[in-house]
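# Tertiary structure, described
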Amino acid sequence: MSAPTETALGLTESRSAGSRVLKALTYALVLLLFAGPLLALLVGAFNHVKDPTQLSIIPSGATLDNFRVAFDEGVLKYLMNSFFVVGFGLLLQVAVSVLAGYALARKVFPGMTVVFVAILATLMLPEEILAIPLSLILADLPVVHFNLIGTLAGMIVPLGAWAFSILVMTEFMKDVPRELEEAARIDGAGDLRIFAQIILPMCKPALGVIGVFGFTMIWDQYLLPLLVATNSSSYTLPLALRTLRIDPAVTPGVVMAASLLALLPSVVVFLFFQRSFVHGLTSGALKG
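Below or above, wherever it landed, is the structure these notes cover. (Residues numbered from 1 in each chain as written. Predicted model: local features only at pLDDT ≥ 70, side-chain atom pairs only at ≥ 80, totals over all residues. Heavy atoms only, no water.)

### Comments concerning the overall build of the protein
Helix and strand content of the protein: 14 helices and two strands. Within the span of the protein, comprising 288 residues, buried residues form 36% of the whole. Counting only contacts in the protein whose residues sit at least 6 apart along the sequence, the fraction spanning at least 24 positions is 69%. Carbon and sulfur atoms form 70% of the exposed surface of the protein, whose accessible area is close to 17000 Å². (Helix = DSSP H or I, 4+ residues; strand = E, 2+ residues; numbered from the N terminus. Buried < 20%, exposed > 50% of the residue type's maximum accessible area, 1.4 Å probe, protein only. Contact = heavy atoms within 4.5 Å. Areas by Shrake-Rupley, 256 points an atom, 1.4 Å probe, with all protein chains shown as cover.)

### A short note on the nonpolar core
Of all hydrophobic cores here, the largest spans 41 residues; its most connected members are Val-75, Val-85 and Ile-218. At the level of secondary structure, the elements contributing two or more residues to this core comprise helix 1 (17-45), helix 2 (65-72), helix 3 (75-106), helix 6 (153-156), helix 10 (204-219), helix 11 (223-228), helix 12 (237-246) and helix 13 (252-272). Sorting elements by how many residues they give to this core places helix 13 first, with nine residues. With sequence-adjacent residues up to four places away left out, Ile-218 is seen in contact with Val-85, Val-86, Gly-89, Leu-90, Gln-93 and Leu-159. Counting 17 residues, the second-largest nonpolar core is a separate cluster that includes Tyr-102, Met-169, Ala-184 and Ala-206. (Core = buried A, V, L, I, M, F, W, Y, C linked by side-chain atoms within 4.5 Å.)

### Focus on the side chain of Ser-266
Topologically, Ser-266 is positioned in helix 13. In contact with Ser-266, not counting residues within four places along its chain, are Phe-215 and Trp-219.

### Thoughts on the packing of helix 7 (residues 163-174) against helix 10
Two elements in contact, helix 7 and helix 10, have axes separated by 10 Å at closest approach and are oriented at 170 degrees. Taken together, the axes of helix 7 and helix 10 are roughly antiparallel relative to one another. Seen from helix 7, the contacting residues are Phe-164, Ser-165, Val-168, Met-169 and Phe-172; seen from helix 10, they are Pro-205, Ala-206, Leu-207, Ile-210 and Phe-213. Class assignment for the residues of the contact of helix 7 with helix 10 results in nine nonpolar, one polar and no charged. (Axes fitted to C-alpha atoms, helices over the stretch in contact; angles between N-to-C directions. Parallel < 35°, antiparallel > 145°, perpendicular 65-115°, else oblique. Nonpolar A, V, L, I, M, F, W, Y, C, P; charged D, E, K, R; others polar.)

### Observations concerning the environment of Ala-257
Counting through the fold element by element, Ala-257 comes out in helix 13. Considered as a pair, Ala-257 and Leu-42 are 215 residues apart in the sequence and their alpha carbons are 8.0 Å apart. In this structure Ala-257 touches Ala-45, Asn-66 and Phe-67, once residues within four positions along its chain are discounted.

### Here we look at empty space enclosed by the protein
Within the structure shown, the criterion is met by one cavity of 30 Å³ or more. Taken as a whole, the largest cavity spans an internal volume of roughly 70 Å³. Lining the largest cavity are Ser-82, Val-85, Val-86, Met-155, Ile-218, Trp-219, Gln-221, Pro-225, Thr-236 and Pro-238. Those elements that provide at least two residues to the lining of the largest cavity are helix 3 and helix 10. Counting residues per element, the lining of the largest cavity draws most heavily on helix 3, at three residues. Taken together, the residues of the lining of the largest cavity break down into seven nonpolar, three polar and no charged. (1 Å grid on protein atoms, 1.4 Å probe; cavity = no way out; pocket = protein on both sides within 12 Å on 5 of 7 lines; lining within 4 Å. Points joined across faces, edges and corners; volume = space filled by probe spheres on them.)

Written out as structure tokens, the structure reads:
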């Protein structure tokens, strides 16, 4: 029998055959709990599933009929709406985050603490609390008095300022050495040039972090489209999934196919920006 070994936490780990079998079963159970629903989604999207109780992780009779019916139900249009909202919403959000982060990290102005606390406070409020005032503001946008209800712009404008992205950019920009900024000012560089050529290039890891998190946050938005959309032509995919789910003529397999289409963009974006995302997280951890 193998002697027990000491783990990193100072506990003893048995190397016997029984302990290895128990460990393997535990890992398999954890893998099934976490990966089982995703596997059932993938299999169900390509199977003829007419009853939710028939969902299985074992494929049988693969077919593309579920996707054909989903496209007939307008899923492609909803997918394009989602891409439009997430594309312009993420651009607006990144632009606001880097500019606000630069102001909070590198400038000193009256009321700076109040602004910072107000940004933090938005993270503590549930979306449901903001739903009514947000809908009133979108129905009559201050100063310009535009009504954004029923338009895709109404889903984009509120996404411009996200406290998480602003705080991430602020903390990264605080760690940029001020000596670089002072040297650039001696050479005659102004604020805009310092921001564009010195501060922003050194915050590329942070841009990867807020890009991945921002895309996921906007893509998964449900409450905001629910408040803004007045007809199906402006539905995004998460909102359309609800209508498909409650439609008695739509089978669970079609809903699974539409759900798979809703899941894929987030996975692709994460895989594409994985290196920048991980580098940004580890850079933040090392700086902290």
